[in-house]
Amino acid sequence: MAYQVPAKQPLPVHNFNTSTHSAAYRKCLEAEGTVSAERDLVFIRCLGYLLIEAPSDEGRHQVARDILACGDLKDMKQLGKMVVYDLICLIRQNKGNTPAPSYHPSRPSFEDSSFIFSSAVKGAPLDHSSAKKATVYALDFVLNYGGFNALVELDGPNIHHLSNGLTLCTDLHRCFNELSLWFEEVPNQLHTYRVGTILPTQGVPDTPITFTSAQPDLELPDLRYLKLHASICKVAHMSGAAEYLDQYDRELETTKVLANDGSSTDLLAYRLHTLLAAH
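Parameters at a glance
Residues numbered from 1 in each chain as written. Predicted model: local features only at pLDDT ≥ 70, side-chain atom pairs only at ≥ 80, totals over all residues. Heavy atoms only, no water. Helix = DSSP H or I, 4+ residues; strand = E, 2+ residues; numbered from the N terminus. Buried < 20%, exposed > 50% of the residue type's maximum accessible area, 1.4 Å probe, protein only. Contact = heavy atoms within 4.5 Å. Areas by Shrake-Rupley, 256 points an atom, 1.4 Å probe, with all protein chains shown as cover. Expected span 1.5 Å × (residues − 1). Arc of directions from axis to C-beta. Axes fitted to C-alpha atoms, helices over the stretch in contact; angles between N-to-C directions. Parallel < 35°, antiparallel > 145°, perpendicular 65-115°, else oblique. Left-handed = near helix turned anticlockwise from the far one by under 90°. Phe/Tyr/Trp six-rings, centres within 6.5 Å; stacked < 30°, edge-to-face > 60°. Pairing = 2+ DSSP bridges.

A. How the structure looks around the overall build of the chain. Scanning the chain for helices and strands turns up ten helices and six strands. A total of 279 residues make up the chain; the buried ones form 46% of that total. Long-range pairs, those at least 24 residues apart, make up 71% of the contacts in the chain between residues at least 6 apart in sequence. Element-wise, carbon and sulfur atoms account for 53% of the exposed surface of the chain, whose accessible area totals about 14,200 Å².

Below, the structure is given as structure tokens:
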């Protein structure tokens, strides 16, 4: 069956190869034991799972440095909040954004072209208003976390490059965009992946798949892009961030007026961050 990961899990015992990474993870474990609010647990666990699931050595070191630079628990929660609002929201597309199926005669109507990363992953000019500073930081974080220069490789028309493309049936396209489906590399097998999901999903193959092309000059999906997407998927679900964001999506569908007592502050912040990420 498809590879599945558990959702909303406490940080596990994990061994790292360097003292820096181990120290950063211990800091996450200690912080996890001191917070009780569900939201704060999500933020702290995001940091720990980023360390575990980093798709590159550069990415893991970047996360470790940021965690160790936090002066106190408040700083750690703020860093985790940035990860959820500015990194995960940058990669994750909102519910209901799956495009309508194409009826072009050259391909079946149940297929959609999908980008591994959407046009939201593009460089924001440094002279944008202060409201975009967090998103610029998140884009820089993507650059370091993935181990490649996303701002250059996926800027402008490069976003439409074949190496950033997939064709999926509509249901799987939606799962991919919502971070509920990803592709994990099978070691020592070129362009071969096992499909990861959160729940059993119809249409997902039980065995590894291999991407091929009838024309050798046409590029296949880039392994680095798929590894970064897979990492964010697993971090989002194992930390509980995906459920946290799903709840906000549901609230946005029903909330017409913000509460007078300030209890809608987080919901407003989430909406603003999603708008910034999309522009």
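B. Inspection of the environment of K81 at higher detail. If you trace the backbone, K81 turns up in helix α4 (residues 73-91). Distance from K81 to R39, taken between C-alpha atoms, is 8.9 Å for residues 42 residues apart in sequence.

C. Representation of helix α1 (residues 19-32). In this model, α1 (14 residues) spans 20 Å end to end at C-alpha, consistent with the 20 Å of a helix rising 1.5 Å per residue. When we look at burial in α1, the residues that qualify are H21, A24, Y25, C28, A31 and E32. Projected down its long axis, α1 carries its buried residues within an arc of 120°, all on one side. Exposed side chains of α1 directed beyond 90 degrees from the buried face belong to S19 and E30. For α1, the elements touching its buried residues are α2 (38-53), α3 (57-69) and α4.

D. Just the packing of α1 against α2, in detail. Axis separation between α1 and α2 bottoms out at 9 Å; the angle between their running directions is 160°. Looking at the two axes, α1 sits roughly antiparallel to α2. Between α1 and α2 lies a crossing whose hand is left-handed. Contacts from H21, A24, Y25, C28, A31 and E32 in α1 reach L41, I44, R45, L47, G48, L51 and I52 in α2.

E. Main features of the packing of aromatic side chains. Under the criterion given, the structure shown has nine aromatic pairs. Between F43 and Y85, the aromatic rings sit 6.4 Å apart at their centres with planes inclined by 85°, giving edge-to-face as the arrangement. With F43 in helix α2 and Y85 in helix α4, this pair connects stretches of sequence that are 42 residues apart. Taking 5.3 Å as the distance between ring centres and 45° as the angle between the ring planes, the aromatic pair formed by Y193 and F211 counts as tilted. With a gap of 18 residues between them, Y193 in strand β5 (residues 192-197) and F211 in the loop between β6 (209-210) and α8 (223-239) connect regions that are remote in the sequence. The class of Y193 is buried, set by a relative accessible area of 2%. Three or more aromatic residues joined by ring pairs form one cluster here, namely F176, F183, Y193 and F211.

F. Up close: the pairing of strand β4 (residues 181-185). For β4, a buried count of four out of five residues is recorded, marking the element as mostly surrounded by other parts of the structure. Taken together, the five bridges between β4 and β5 define a ladder with antiparallel strand orientation. Paired with E185 across the strands is Y193, a residue of β5. Counted between consecutive antiparallel strands, the loop separating β4 from β5 contains six residues, among which N188 sits at a positive phi close to 65°.

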